[in-house]
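Tertiary structure, described
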Amino acid sequence: MDEKKWDLKWMAWEITSACNLRCVHCRSSSENFSPVGKFTLEKAKKLIDDISSFASPVVVISGGEPLTRPDVFDIAKYGTDAGLKMAMATNGVLVTDEVCEKIKSSGIRIVSMSLDGPNAEVHDDFRGGIAGAFECVERAAALFNKHGIKFIINSSFTKRNQSYIMETFRKAESLGAHAWYMFLIVPTGRGEEIFKELVSKEDYEEILEWHYNMERQEDEILVRPTCAPQYYRIWHEKSKEENKDTERRSLTFSTGGGKGCIAGQTICFVNSEGNVLPCSYFPESAGNVFEKPLKEIWETSQLFEDLRDFRRYEGKCGVCKYLKVCGGCRARAYAVTGSYLSEEPFCNYIPANYNG
């Protein structure tokens, strides 16, 4: 493997599997779980101590729905006091004035919410047919604006809502979002049941090209395609000069910085069972924080070593000149082919030196 220091820069942490929604694309069948689960407050603090002993990443408290935990802000405050940059992902349903005050007092720097359609019909359908989910996003956004809390809108797309991408983006913008992240979903968890709903390779390419053109024209809101590493191949193909606005596009909550799949390279995900995964869509564990320190898992696991060694990548990805800026989605490769080192199955690009 190439000699390189792999700094942990961003970590999502599923502090609970409990949730009040049942979204069609979710990795977690979470409606029957206890809000606390295995990460008691004591064990949560121990993990924060572990993280801060060797890294200072952005830590995104997620779920499930993290606001179902009564001690969520105790966890956030402990992380803030340990010097970590704390953030939170919520579906917005439980956001109130009191919650907003606690977000600020606990040191949470930014919050993300999901919006998967421009109206209640589209969004609520995507969120498992839960009536009122869209209204909760609108209400939470208004409360965040009222309390001066920056928030990001994440939008996930499949065939059922891909025709609403532009309208959803405009809705996120009108809500006052600090940034909009477009997700082209990876089939995992409940997502495994929706392979037939995945955006086609051809549409995938067209959507990413649309995003490139939109990004060049957009000044009011930060935008980024997520779980779409081939976007950076498109970016390099179309752009002839360095990004002139790097600072504007680099925000605390971001995970990339002009690079494709960084799962297990600069980011990881710790689920409610304590398993350390390359990202939230990747089902293979590199180790468990209840059995060994996160530092040891991050620095020595075979899974992370595989993902960091581009020479092991197979198929088109292995010979592609854009490998180091794209890498292909390793979770999507695993979901479709059973091998996380195989080529990205939703990329239409054929390298000139590929003979497969």
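Procedures and definitions
- Each chain carries its own residue numbering, running from 1 in the written order of its sequence.
- Per-residue local features of the predicted model are confined to residues with pLDDT of at least 70, and side-chain atom pairs are confined, for both listing and counting, to 80 or more; whole-chain, interface and lining totals are unaffected and use all residues.
- Each side-chain value is derived from all of the structure's non-hydrogen atoms; neither hydrogens nor water enter the calculation.
- Strands here mean DSSP runs of E at least two residues long; helices mean DSSP runs of H or I at least four residues long; both are numbered from the N terminus.
- Throughout, exposure labels follow a simple rule: accessible area from a 1.4 Å probe, protein chains only, divided by the maximum for the residue type, with under 20% read as buried, over 50% as exposed, and the rest as partly exposed.
- The contact definition used throughout considers only heavy atoms, calling two residues in contact when any of these lie within 4.5 Å.
- The accessible surface values rely on the Shrake-Rupley method and a 1.4 Å probe; as for residues, cover is taken only from the protein chains in view.
- Any two rings among Phe, Tyr and Trp, with Trp reduced to its six-membered ring, count as a pair given centres within 6.5 Å; such a pair is stacked if its planes are under 30 degrees apart, edge-to-face if over 60, and tilted if neither.

Quick look at the overall build of the protein
The number of helices and strands found in the protein is 13 helices and 9 strands. In the protein, which comprises 356 residues, the proportion classed as buried is 56%. If you take every contact in the protein between residues at least 6 apart in sequence, the share linking residues at least 24 apart comes to 71%. Split by element, the accessible area of the protein, about 15,200 Å² in all, is 47% carbon and sulfur.

With respect to the packing of aromatic side chains
Counting across every chain of the model gives 14 aromatic pairs. Geometrically, the ring pair formed by Trp 13 and Phe 39 is edge-to-face, given 5.4 Å between the ring centres and 75 degrees between the ring planes. Placement of the pair is Trp 13 in strand S1 (residues 10-14) and Phe 39 in the loop between S1 and helix H1 (41-52), with a sequence separation of 26 residues. Like Trp 13, the residue Phe 39 is buried in the burial classification.

Considering the side chain of Ser 106
Here Ser 106 lies in the loop between helix H3 (97-105) and strand S4 (110-114). Owing to a relative accessible area of 2%, Ser 106 belongs among the buried residues under this scheme. Setting aside its immediate chain neighbours within four residues, Ser 106 contacts Phe 73, Ala 76, Lys 77 and Thr 80.

With respect to unusual backbone geometry
Outside of glycine, negative phi angles account for most residues, and trans bonds account for most peptide bonds. Gly 64 follows Gly 63 through a cis peptide bond whose omega is 25 degrees. In this fold, Gly 64 is placed in the loop between strand S2 (58-62) and helix H2 (72-81). Phi at Cys 227 is positive, roughly 55 degrees, even though this residue is not glycine. Relative to the elements of secondary structure, Cys 227 occurs in the loop between strand S7 (222-226) and helix H8 (231-238).

Examining H8
Restricting attention to buried positions, one finds in H8 the residues Tyr 231, Tyr 232, Arg 233, Ile 234 and Trp 235. Looking at the buried side of H8, the elements it contacts are helix H7 (201-217) and S7.

That is the geometry; function is a separate question.
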